[in-house]
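Structure assessment
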Amino acid sequence: AMSESWDVGRALALAALFWLLQGAARGCAAPFLPLYLRLLALPAPLVGAAAGARQLAALAVPLCCPRGRAGRLLLAGSVLGSAGASLALTLIPPAGPTGPTGCDSRLQPGLPGPLPSPLPSVLPSALLVPSPRASPVPSPGRSSYGALNSSALTHTGAVPKGTGTTAADVLAESGKPGLGSSTSQGNEPALLKTALPAVGNAHVSENLPDSRDVNFEAVQSTSQDREYQVFLMVLGAVVLWELLAASLEWTMDESVYEYLDYVDATDRYGRLWLWGSAGVAAGACGVSVLVDQLDCSLGSSIPRLAVHFYAYAVLVVLSLMVSVFFPSRIPRKRTRATGLAKALSLLRGDGRALLFAGTVFLVGAASSAGHNFLLWQLQDQGSSELLMGLWVGLGPLAELALHPLQGQLLRALPGCRLELLSLAVLAAQLLSYSLLRAPWAALPVQALSALSIGALRWRLQGTVGDIATPGAERALHALLGGLCAGGAGLGSFGGGFVVQRFGLAVLFQASCLGLGLWIIFVVIVRSRLPRQRKNNYSQLLAADSSEMSDSEEENEKDWLVKAMKDESFN
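Computed from a predicted model, the values in this text were never measured in an experiment.

Moving on, we come to the overall build of the protein. From N to C terminus, the protein includes 23 helices and two strands. Counting across all 570 residues of the protein, residues that qualify as buried make up 48%. Long-range contacts, defined as pairs at least 24 residues apart, comprise 87% of the intrachain contacts of the protein with a sequence gap of at least 6. A total accessible area of about 27100 Å² is found for the protein, and carbon and sulfur atoms account for 63% of it.

Let's shift gears to the packing of aromatic side chains. Evaluation of the coordinates by the stated rule reveals nine aromatic pairs. With centroids separated by 5.3 Å and ring planes inclined at 75 degrees, the aromatic side chains of Phe18 and Trp19 adopt a geometry described as edge-to-face. On the basis of relative accessible area, Phe18 is assigned to the buried category, the value being 0%. Considering the side-chain rings of Trp241 and Tyr312, the 5.3 Å spacing of their centres and the 75 degrees angle between planes classify their relative orientation as edge-to-face.

Turning our attention to the UniProt feature "transmembrane region" (unreviewed entry) in the protein. UniProt records the feature "transmembrane region" (unreviewed entry) at residues 230–251, 272–289, 309–326, 353–374, 478–499 and 505–525, using the numbering of this structure. End-to-end, the C-alpha atoms of residues 309–326 are 26 Å apart, and along that stretch the chain is 83% helix and 0% strand. Here residues 353–374 is 100% helix and 0% strand, with 31 Å between the C-alpha atoms at its ends.

Of note in the backbone geometry, Ala41 takes a positive phi value of approximately 70 degrees without being a glycine. Tracing the backbone through its elements, the reader meets Ala41 in the loop between α2 (33–39) and α3 (44–57).

To continue, consider the packing of helix α18 (residues 417–434) against helix α22 (residues 504–528). Two elements in contact, α18 and α22, have axes separated by 8 Å at closest approach and are oriented at 160 degrees. When the axes of α18 and α22 are compared, the pair comes out roughly antiparallel. Handedness of the crossing formed by α18 with α22: left-handed. On the side of α18, the interface is formed by Glu419, Leu420, Leu423, Ala424, Leu426, Ala427, Leu430, Leu431, Tyr433 and Ser434, while α22 contributes Ala505, Phe508, Gln509, Ser511, Cys512, Leu515, Trp518, Ile519, Val522 and Val523. Looking at side-chain class alone, the contact of α18 with α22 contains 16 nonpolar, three polar and one charged residues.

We now examine α22. Its 25 residues place the ends of α22 37 Å apart at the C-alpha level, agreeing with the 36 Å of an ideal helix rising 1.5 Å per residue. Of the residues making up α22, those classed as buried are Leu504, Leu507, Phe508, Ser511, Cys512, Leu515, Trp518, Ile519, Val522 and Arg526. Considering only its buried residues, α22 is in contact with α15 (351–380), α18, α20 (449–467) and α21 (473–501).

Before going further, it helps to examine the environment of Glu385. Inspection of the secondary structure assignment puts Glu385 in helix α16 (residues 385–402). Residue class for Glu385 comes out buried when judged on its relative accessible area of 4%. Taking C-alpha positions, Glu385 is 9.1 Å from Leu290, a pair spaced 95 residues apart along the chain. The residues touching Glu385, leaving out its near neighbours within four places in the chain, are Phe32, Ser288, Val291, Asp292, Arg304, Leu305 and His308.

In the contact formed by α15 and α21, the axes pass within 6 Å of each other and the chain directions differ by 45 degrees. When the interaxial angle is binned, α15 and α21 end up oblique. α15 and α21 meet at a crossing whose hand is right-handed. On α21, the residues touching Phe356, Ala357, Val360, Phe361, Gly364, Ala365, Ser368, Asn372 and Phe373 of α15 are Leu480, Leu483, Cys484, Gly486, Gly487, Ala488, Leu490, Gly491, Ser492, Gly495, Gly496 and Val499. Classifying every residue of the contact of α15 with α21 by side-chain character gives 12 nonpolar, nine polar and no charged.

Rules used in this analysis
Residues numbered from 1 in each chain as written. Predicted model: local features only at pLDDT ≥ 70, side-chain atom pairs only at ≥ 80, totals over all residues. Heavy atoms only, no water. Helix = DSSP H or I, 4+ residues; strand = E, 2+ residues; numbered from the N terminus. Buried < 20%, exposed > 50% of the residue type's maximum accessible area, 1.4 Å probe, protein only. Contact = heavy atoms within 4.5 Å. Areas by Shrake-Rupley, 256 points an atom, 1.4 Å probe, with all protein chains shown as cover. Phe/Tyr/Trp six-rings, centres within 6.5 Å; stacked < 30°, edge-to-face > 60°. UniProt positions renumbered as here; feature names shortened; annotations may be inferred. Axes fitted to C-alpha atoms, helices over the stretch in contact; angles between N-to-C directions. Parallel < 35°, antiparallel > 145°, perpendicular 65-115°, else oblique. Left-handed = near helix turned anticlockwise from the far one by under 90°. Nonpolar A, V, L, I, M, F, W, Y, C, P; charged D, E, K, R; others polar. Expected span 1.5 Å × (residues − 1).

Structure representation (structure tokens):
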């Protein structure tokens, strides 16, 4: 008995360490991926498409990966493959002039910081220099939510008076609005045509307008081709990375649960996610402290943001070393687990569960706006790498801090009240993000994630316990988690286009409005649903076992009384 309890404790310790390292690896790289893609000069729609593809790739893992313990070779292949795919991102060249790095003003203190109203990224630094050999010009319709690179501002000092036109002069003369305006997208070619005569020679021929149009179209086509080539490379690396990383986590999760199920300790499985959240916070904050101390580039061509992916590779290899010591041969207690079809039938049979599934999907879509593009806004407002890391880590830390009060909140807000609270808090967060004027103001808003995402997690666990039959809990939990990931993927696809067309503030406000309308819809529909008695199947099983034990004791007592009566009669 002592050896068995020691084995269970050791397995739980190894599983907790594995999830801590996996969470730290995720926190190091995944939240900062949109920043790195912006550095590669990809526009917002392509960044949103890459982020959405990463979310949707995770949905294929539960369907493709077999249940059960995988071999050591498969685990090692998943680890090394995910590490290699993340490192491959650092080898992809940029699609054009390098995007904002977030550290230019620190290296050049004489330059102004990030612009309060960022200029369209369609004005490259080459247009500010009187040279006939200009670098490729990004195409119109690129990310309108990009601040003008500080390196471009250095070239303005080299423009002789009367021979060149700066970006500010072009915007002042054209009278066009800045970023986030829909009208500025159609007028960007006019801005380029206004700036190009100042770049050319002092003696301009009469046929220059025709040649300028031809050159502009050629440069535009070349820039678009370059963007799509870089995007395809990024897409392949990101999808492969997510597939391998998610398969590693899925396989290890199945192994841990099978072991705990075999030794009748599955009640201790539900607390392992705490270590994953702690790892996300530690990884995001730790790597941000490191990156914040580095120069803008490592060597000649490696940006300092690549350290995020280097740290991920190191941590994920360490998690492989931990998984080696986990028990390798685990007898299966259950021959066949409940599949997706059974989970879908359970979800369809409960109207309140269907409403909650819609809530999970919508929350995934709305929260993807902040996860994908809020760091862009913080970067444009002059945020340091450390502050952005604190913003990422503050969400899971707030959930951990509120976790001891889970029972009190569930009793104080029964039914759908906790669900409505989480939706209202998330809507308030998104609205607050659209009104940010200083980067530090995002920290207290992010602390509310304990009541938005954290409360929704508790509500999900309660819904699974209410409607799941014995053996279907994990399948139903995976189905609801897949709905959240699917919503995040579709929200990422649409969010990139909204950011380019209307701006990030409009995306936040539209997400807030959508959540508010869903709250009204949930309240109206739930008021018309018939009241149902909650059937918690785990409690029913416990009650059945206690009733059986009571009946056995009564039968045993009756037999004893009868035997004593017979003996006394004789």
